[in-house]
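Next come the chains, spelled out residue by residue.
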Amino acid sequence: MIIALFVFLFVLLLGLVVTVGLGLLVGYAFVAVSGKLSLAARIPLLVALAVGTATLWLSLGEPANVLLALAMLVSFVATLASGAVFLGREAGKRRALRHPAPVWQSW
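Owing to the predicted nature of the structure, the values given are computational and were not obtained by experimental measurement.

Reading the values: the criteria
- Residues numbered from 1 in each chain as written.
- Predicted model: local features only at pLDDT ≥ 70, side-chain atom pairs only at ≥ 80, totals over all residues.
- Heavy atoms only, no water.
- Helix = DSSP H or I, 4+ residues; strand = E, 2+ residues; numbered from the N terminus.
- Rg over C-alpha atoms; globule rule 2.2 N^0.38 Å.
- Buried < 20%, exposed > 50% of the residue type's maximum accessible area, 1.4 Å probe, protein only.
- Contact = heavy atoms within 4.5 Å.
- Areas by Shrake-Rupley, 256 points an atom, 1.4 Å probe, with all protein chains shown as cover.
- Salt bridge = Lys/Arg side-chain N within 4 Å of Asp/Glu carboxyl O.

K.L.:
Would you mind going over the overall build of the protein with me for this structure?
P.N.:
Secondary structure summary: the protein contains three helices and zero strands in total. Reading the secondary structure of the protein in the N-to-C direction produces α-α-α. Taking 13 Å as the expected radius of gyration for a compact globule of 107 residues, we find that the protein reaches 20 Å, considerably beyond that expectation. Principal-axis analysis of the C-alpha atoms gives the protein an extent of 80 × 35 × 15 Å. Here the protein holds 107 residues, and the buried ones make up 20% of them. The contacts of the protein with a sequence gap of at least 6 include a subset with a gap of at least 24, amounting to 67%. Surface summary for the protein: the accessible area is close to 8,100 Å², and the carbon and sulfur share equals 78%.

Structural data, given as structure tokens:
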């Protein structure tokens, strides 16, 4: 009985890792591909992509399954969080100074 519990928890953890990993990859790929768009256009597209990838999990099982709803939620949050983090990092790089400030002489 305890072995079955460990197997179930291992499969649950493996599914969580796969779901989060795919969400992170999709969020990063979106930021990498949509570099020419403005930030105002990228944010709604990121949300739409996160919703789309979350609904793709419906093709794996019946919608009444609790674990399927959990996988959809985890996929949505991981995609959105990954895209937001990488959009923020890219926006910070765009705002950075292109040329360093001149060094004043000490004398």
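Moving on from the model shown.
K.L.:
Looking at this structure, how should I read the pattern of salt bridges?
P.N.:
Pairing between side chains of opposite charge can happen when their charged atoms approach one another. Under the criterion given, the structure shown has one salt bridge. We note a salt bridge from Arg 42 to Glu 90, for which the minimum N-O separation is 2.6 Å. Linking Arg 42 in helix α2 (residues 39–55) with Glu 90 in helix α3 (residues 66–95), this pair joins segments that are 48 residues apart in sequence.

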